[in-house]
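Coordinate analysis (summary)
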Amino acid sequence: MLRPRSTTISKKPQPEGGQAPVVQRVRIRYAKRGPLRFTSHRDFARAFERALRRAGVPIAFSQGFTPHPKISYASAAPTGVASEAEYLEIGLREPVDPAQLRAALDAALSPGLDVLDAVVAGGGSLADRIEASHWRIELPEVDPALLEQAVAAFTAAEEIQVERMTKQGRRTFDARAAVISIDVVPASETPSGAPAVPCAILELVVRQVTPSVRPDDVLSGLRVVAALEPPVAPRVIRLAQGTLTAQGEIVDPLDADRDGAAIGEH
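In what follows, the accompanying structure is described.

Here is what the cut-offs are and how they apply
- Residues numbered from 1 in each chain as written.
- Predicted model: local features only at pLDDT ≥ 70, side-chain atom pairs only at ≥ 80, totals over all residues.
- Heavy atoms only, no water.
- Phe/Tyr/Trp six-rings, centres within 6.5 Å; stacked < 30°, edge-to-face > 60°.
- Helix = DSSP H or I, 4+ residues; strand = E, 2+ residues; numbered from the N terminus.
- Buried < 20%, exposed > 50% of the residue type's maximum accessible area, 1.4 Å probe, protein only.
- Expected span 1.5 Å × (residues − 1).
- Arc of directions from axis to C-beta.
- Contact = heavy atoms within 4.5 Å.
- Axes fitted to C-alpha atoms, helices over the stretch in contact; angles between N-to-C directions.
- Parallel < 35°, antiparallel > 145°, perpendicular 65-115°, else oblique.
- Nonpolar A, V, L, I, M, F, W, Y, C, P; charged D, E, K, R; others polar.
- Salt bridge = Lys/Arg side-chain N within 4 Å of Asp/Glu carboxyl O.

According to the stated counting rule, one finds three aromatic pairs in the structure shown. Centre to centre, the rings of Tyr-30 and Phe-44 are 4.3 Å apart; their planes meet at 5°, and the pair counts as stacked. Taken together, the positions of Tyr-30 in strand S1 (residues 24-32) and Phe-44 in helix H1 (residues 41-54) put the pair 14 residues apart, joining distant regions of the chain. Look at Phe-44 and Phe-48: their rings are 5.8 Å apart centre to centre, the planes differ by 25°, and that puts the pair in the stacked class. In this pair, Phe-44 and Phe-48 are both assigned in helix H1, four residues apart and thus about one turn of the helix distant. Taken individually, Phe-44 and Phe-48 each receive the classification buried, so the pair is uniform in this respect. Grouping aromatic residues by their ring pairs yields a cluster made of Tyr-30, Phe-44, Phe-48 and Tyr-73.

Put into structure tokens, the structure is as follows:
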């Protein structure tokens, strides 16, 4: 099916060999919502490359016998986790308007993979601006009072050793040190659609470390210190990620690239 002309950025063919130089870099924020949260990073990368082609984005390619599109991803959320703050950077072989690029890519992707923002990259590295993430964990059928007790025990601990299977085998690491803040919030809103009563909600800010500490690691830590065992699978959403201020707040990593009003999102 043909797409409207307004969703196509460029009709110029890619030079043979795909080795035109990068003349502009654009940084993009996107969301994974609803059932699309189960999209793996590899599947999203394939879908995004297809969207680039459909939208006619003049993407630049790497050198060599098997050129690859110039796309860099920053700290992707685990499969099954929803997110309002995923980031990537693309290199382009001709300049584009970021607002038009955002709209074209959003139209080319499935609903639930939503392009929220795009800015022309300034200096520095996007990955270097990802210092921490703000997470919300919804725990259906967990009594908020029990979660409060578990959080108090977690906060009081100096170190909490948890285990996780990684590509290098089973790893044991501290899940406490990377957690900057951890709070139980009122269950007045459950964005994922989880049952509201009872539904304990946990919000936490976690520093980017190696090995990374993920929301499931924090839940493992709560199990270690307080034997908290959620009877229903938790629903996790990343609300933000970016630069960490001295006050423990997170700043959108695209803010440093803006030279005017933010590009609108839906």
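Quick look at helix H4 (residues 215-226) now. Its 12 residues give H4 an end-to-end C-alpha distance of 16 Å, which sits within 8% of 16 Å, the value for a rise of 1.5 Å per residue. Phi turns positive, to about 55°, at Ala-227, one or two residues after H4.

Glancing now at helix H3 (residues 144-156). Compared with the 18 Å implied by 1.5 Å per residue over 13 residues, the 18 Å span of H3 between its first and last C-alpha is a close match. Within the span of H3, buried status applies to Leu-147, Ala-150, Val-151 and Phe-154. Axial view of H3: buried residues confined to an arc of 100°, hence all on one face. Exposed residues on H3 whose side chains face more than 90 degrees from its buried face are Gln-149 and Ala-156. Turning to H3, the residues buried within the fold contact strand S5 (132-140), strand S8 (179-185), strand S9 (199-207) and H4.

This brings us to the packing of H3 against H4. Remark: H3 packs on H4, axes separated minimally by 9 Å, with the N-to-C direction vectors making an angle of 90°. Relative to H4, the element H3 is oriented roughly perpendicular. For the pair H3 and H4, contact is made by Leu-147, Ala-150, Val-151, Ala-153 and Phe-154 and by Val-218, Gly-221, Leu-222, Val-225 and Ala-226, respectively. Its residues assigned to classes, the contact of H3 with H4 shows nine nonpolar, one polar and no charged.

Inspection of every chain in the model, using the stated rule, returns 17 salt bridges. Measuring nitrogen to oxygen at the nearest pair gives 3.1 Å for the salt bridge that ties Arg-27 to Asp-257. Of the two residues, Arg-27 sits in strand S1 while Asp-257 sits in the segment after strand S11 (250-251), which places them 230 residues apart along the sequence. The buried category is assigned to Asp-257, whose relative accessible area is 10%. Via salt bridges that share partners, Arg-25, Arg-27, Glu-89, Arg-129 and Asp-257 belong to a single interconnected network.

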